[in-house]
Amino acid sequence: MPDGAVVVDPSGRLAGRGAYVCDDPACIAKALTKGALGRALSTPLPQELREALTAGVPNPDITIEGGARGQK
């Protein structure tokens, strides 16, 4: 997102840098454990987002938007 916030965007249409994550819990856990999601967004993930992703996101087509790239 332009303000640097990191959010789940089920529509995939929010402005900002995004990272697509599959809906498989093992895939999400691996992305969080290895830090791939934070690296893709060039920002640390908020704890609330990590917990929401670990608990499972109801929409299988999730997009994570945010990060610091492109900020001036």
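Quick look at the structure, then. (Residues numbered from 1 in each chain as written. Predicted model: local features only at pLDDT ≥ 70, side-chain atom pairs only at ≥ 80, totals over all residues. Heavy atoms only, no water.)

## Here we look at the overall build of the protein
Alright, step 1. Each helix and strand counted, the protein has three helices and three strands in total.
Alright, step 2. Its helices and strands in sequence order give the protein the pattern β-β-α-α-α-β, from N to C terminus.
Alright, step 3. Residues classed as buried in the protein amount to 28% of the 72 residues present. (Helix = DSSP H or I, 4+ residues; strand = E, 2+ residues; numbered from the N terminus. Buried < 20%, exposed > 50% of the residue type's maximum accessible area, 1.4 Å probe, protein only.)

## With respect to unusual backbone geometry
Most peptide bonds take the trans form, and the phi angle of most residues other than glycine is negative.
Alright, step 1. Its identity is not glycine, yet Ser-42 carries a phi of approximately 55°, on the positive side.
Alright, step 2. Relative to the elements of secondary structure, Ser-42 occurs in the loop between α2 (36–41) and α3 (47–55).

## Digging into helix α1 (residues 25–33)
Alright, step 1. Among all positions of α1, only Ile-28, Ala-31 and Leu-32 are buried. Along α1, the residues classed as buried sweep out an arc of 95° about the axis, all on the same side. In α1, the exposed residues that point more than 90 degrees away from the buried face are Lys-30 and Thr-33.
Alright, step 2. A positive phi of about 80° marks Gly-35, the residue just after α1. (Arc of directions from axis to C-beta.)

## Regarding the nonpolar core
Alright, step 1. If you look at the biggest cluster of nonpolar residues, it comprises 11 residues: Val-6, Ala-19, Val-21, Ile-28, Ala-31, Leu-32, Leu-37, Leu-41, Leu-45, Leu-49 and Leu-53.
Alright, step 2. For this core, the elements supplying multiple residues, two or more each, are β2 (18–21), α1, α2 and α3.
Alright, step 3. Here the element with the most residues in this core is α1; it accounts for three residues. (Core = buried A, V, L, I, M, F, W, Y, C linked by side-chain atoms within 4.5 Å.)

## A look at the state of the cysteines
Alright, step 1. Scanning the model with the defined rule gives one disulfide in all.
Alright, step 2. Here Cys-22 is linked by a disulfide to Cys-27, with a sulfur-sulfur distance of 2.2 Å.
Alright, step 3. For Cys-22, a relative accessible area of 33% puts it in the partly exposed group. (Disulfide = S-S within 2.5 Å.)

## Considering the side chain of Asp-9
Alright, step 1. Assignment of secondary structure puts Asp-9 in the loop between β1 (7–8) and β2.
Alright, step 2. For the buried Asp-9, no salt bridge is present, and the opposite-charge side chain at shortest range is Arg-13, 7.9 Å distant.
Alright, step 3. Engagement of the side chain of Asp-9 in a polar contact is seen with the backbone nitrogen of Arg-13, the distance being 2.8 Å.
Alright, step 4. Within the structure, Asp-9 has its side chain in polar contact with the backbone nitrogen of Leu-14 (distance 2.9 Å). (Lys, Arg positive; Asp, Glu negative; His and termini not counted. Salt bridge = Lys/Arg side-chain N within 4 Å of Asp/Glu carboxyl O. Polar contact = N/O pair within 3.5 Å; in protein donor to acceptor, adjacent residues only side chain to side chain.)

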